[in-house]
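# Geometric and topological summary
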Amino acid sequence: MGAETAENSRKPVFGVSVVGGKGILQRSHAANAMVVTVTASEAGRFHYENLFCKQCPTETKEQYLEKGRMRVWNSLTVPLLAGVSSENILQLGFFDTTLKTLYNHPEREIPSAKLETADVGIFRRANKSVISEGLHGGSNWHDLVDNMAYVIESFRPDVIVTPSPNIDVHTDHQCTTIAAVEALRKLNYTNGSLFLYTVHYLTDDYPLGNVGAALSLPPFFSEEDSSDMLYFHSIYSHPVDKKTQNHKLLALDAMNDIRPNARNYMDWKHVLRRGLSLLYHDLTSIRSDLINRFVRSNEFFYVVPISDVHNQETYQKIISRGGKNHLH
């Protein structure tokens, strides 16, 4: 098992994310980086319950629309804090929690689970980059892959940072990477490496520890007695100094539904629940918020050469967990 050198960080870096992810991107890489966010994140657990009536259908829809707009704004502006050019920041505008359905029904237009529309333009139009003018199509799998291919061909990255379909259990994260891999296969693109990471490993307790602690290897338990269930060529641990950790913490704090105290704008019932939760996590030394989990002294990645995705056997290993495709 090898280790990647820091040389990778000086090459063009392409970050594919679903809103709220972590990645290798730091200010030293920003000039050569592109950040692409796939979903608008209009659904999910975060709610503006004190601003909108949960029992009123029209206000509920308005809440999810406003949430999507705020998260799209986060996805287009937070990378600026790292020095990424606005020309290299894109939002594809696909709908939260729908990518698995797109994957299983590639010909169908899949609407938002919350907004009763399949028009991805409602979120995509916030883009400012000239590259966004080439985005096309609707809310279906073929158009997702085609738009991925268009962006990859436009940027020609050497490193693609994206969630691991093997061990990140969030289906939007899995499908984002599968779409990127299918785009690479469609382009016959063989240059560079995939840097795979996880945000949601089985539960949100991984990784254990506090801000500034070392990020460990995600534990992996094969479903079969085989050494190749988790496919990668090498691992790469990228050091993160204290100054950069502070920058990352502030960037996470700028994201509306990641900021620890944002929900309900400090409604007293939420404050009480959060206080009890913090007490539990202090007693157990388990932190579930993204700031404690991923503001660490290193960033950790499984490295796969992009050339490997063109072999059907290794392609299946890259996109599967335990030798099985769990998306069907």
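Residues numbered from 1 in each chain as written. Predicted model: local features only at pLDDT ≥ 70, side-chain atom pairs only at ≥ 80, totals over all residues. Heavy atoms only, no water.

The name an unreviewed UniProt entry gives the protein is N-acetylglucosaminylphosphatidylinositol deacetylase, with Morococcus cerebrosus as the organism.

## Looking at the overall build of the protein
Heads up, the condition is: In DSSP terms, a helix is any run of H or I states spanning at least four residues, a strand is any run of E spanning at least two, and both are numbered starting from the N terminus. Buried residues are those whose accessible area, probed at 1.4 Å on protein chains only, stays under 20% of the maximum for their type, while exposed residues exceed 50% and partly exposed ones sit between those limits. We call two residues contacting when some pair of their heavy atoms lies within 4.5 Å. With residues, only the protein chains shown are counted as cover, and all accessible areas are computed by Shrake-Rupley using a 1.4 Å probe.
Check the secondary structure of the protein and you find nine helices and eight strands. When burial is assessed residue by residue, the protein has 51% of its 328 residues classed as buried. Counted over contacts in the protein with a minimum sequence separation of 6, partners at least 24 positions apart contribute 78%. With an accessible surface of roughly 14,700 Å², the protein has 54% of that area assigned to carbon and sulfur atoms.

## Some details on the nonpolar core
Applied cut-off: Here, nonpolar core means buried Ala, Val, Leu, Ile, Met, Phe, Trp, Tyr and Cys residues that are tied together by side-chain atoms lying within 4.5 Å of each other.
Among the nonpolar cores identified, the biggest contains 77 residues, and F94, W141, L144, L184 and L194 are the most heavily contacted of them. Sorting elements by how many residues they give to this core places helix 4 (residues 141-155) first, with eight residues. Ignoring any residue separated from it by four or fewer positions in sequence, one finds L184 in contact with I152, I160, Y189, L194, I306, V309 and H310.

## Let's talk about helix 4
Put simply, the rule reads: An expected span of 1.5 Å times one less than the residue number is assigned to each helix. Pairs of N or O atoms within 3.5 Å make up the polar contacts considered here, provided that, within protein, one atom can donate a hydrogen while the other can accept it, and that residues adjacent in sequence are counted only when both atoms are side-chain atoms.
With 15 residues, helix 4 should reach 21 Å at 1.5 Å per residue; the first-to-last C-alpha distance of 21 Å fits that figure. Along helix 4, the positions that sit buried rather than exposed are W141, D143, L144, V145, N147, M148, A149, V151, I152 and F155. In this structure N140 caps helix 4, since a side-chain oxygen of it lies 3.2 Å from the backbone nitrogen of H142. Positive backbone phi, approximately 55°, marks R156, located one or two places after helix 4.

## As for the environment of Y201
With respect to the helices, strands and loops of the structure, Y201 is situated in the loop between strand 6 (193-197) and strand 7 (234-239). Judged by relative accessible area, which is 7%, Y201 ranks as buried. Sequence-wise, Y201 and P218 are 17 residues apart; in three dimensions their C-alpha atoms are separated by 7.6 Å.

## Points about the pattern of salt bridges
As a working rule, side chains carrying opposite charge can pair if their charged atoms are close by. Quick note on the threshold: Definition used for salt bridges: Asp or Glu carboxyl oxygen within 4 Å of a side-chain nitrogen of Lys or Arg.
Under the criterion given, the structure shown has five salt bridges. Residues R69 and E66 are paired through a salt bridge, measuring 2.9 Å at the closest nitrogen-oxygen approach. Of this pair, R69 and E66 are both found in helix 1 (residues 57-77), three residues apart, which corresponds to roughly one turn of the helix. The exposure class of R69 is partly exposed, given its relative accessible area of 44%. Its salt-bridge partner being D146, residue K186 comes within 2.1 Å of it at the nearest N-O pair. Linking K186 in helix 5 (residues 171-187) with D146 in helix 4, this pair joins segments that are 40 residues apart in sequence.

## Quick notes on the packing of aromatic side chains
To keep it simple, the criterion reads: Each Phe, Tyr or Trp ring, with Trp reduced to its six-membered ring, pairs with another whose centre is within 6.5 Å; inter-plane angles below 30 degrees give stacked pairs, above 60 give edge-to-face pairs, and intermediate values give tilted ones.
Summed over the entire model, instances satisfying the criterion amount to eight aromatic pairs. Each ring, one from F95 and one from F123, has its centre 6.4 Å from the other, and the planes form 70°; the classification is edge-to-face. Taken as a pair, F95 in the loop between strand 4 (89-94) and helix 2 (99-104) and F123 in helix 3 (residues 121-124) lie far apart in primary sequence, 28 residues in all. The exposure class assigned to F95 is buried, which follows from its relative accessible area of 0%. On the basis of an interplanar angle of 65° and a centroid distance of 5.5 Å, the ring pair of F195 and Y236 is categorised as edge-to-face. Taken together, the residues F195 in strand 6 and Y236 in strand 7 connect sequence positions 41 residues apart. Under the relative-accessibility criterion, F195 is labelled buried at 0%. A relative accessible area of 3% means that Y236 is categorised as buried. Taken together through their ring pairs, the aromatic side chains of F195, Y197, Y236 and F301 make up a single cluster.

## A short note on the side chain of Q63
Relative to the elements of secondary structure, Q63 occurs in helix 1. With residues near it in sequence (within four places) discarded, Q63 still touches H47, Y48, E49 and F52.

## Describing the confidence of the model for the protein
Note the following rule: Per residue, pLDDT measures the predictor's confidence, with a range of 0 to 100.
For the protein, per-residue confidence averages 82 on the pLDDT scale, and 78% of positions sit at 70 or higher. Per-residue pLDDT stays below 50 along residues 1-11; that stretch engages in 22 contacts with residues further than four places along the chain or on separate chains. The low-confidence segment residues 18-25 (pLDDT under 50) makes 39 contacts with residues lying over four places distant or belonging to another chain.

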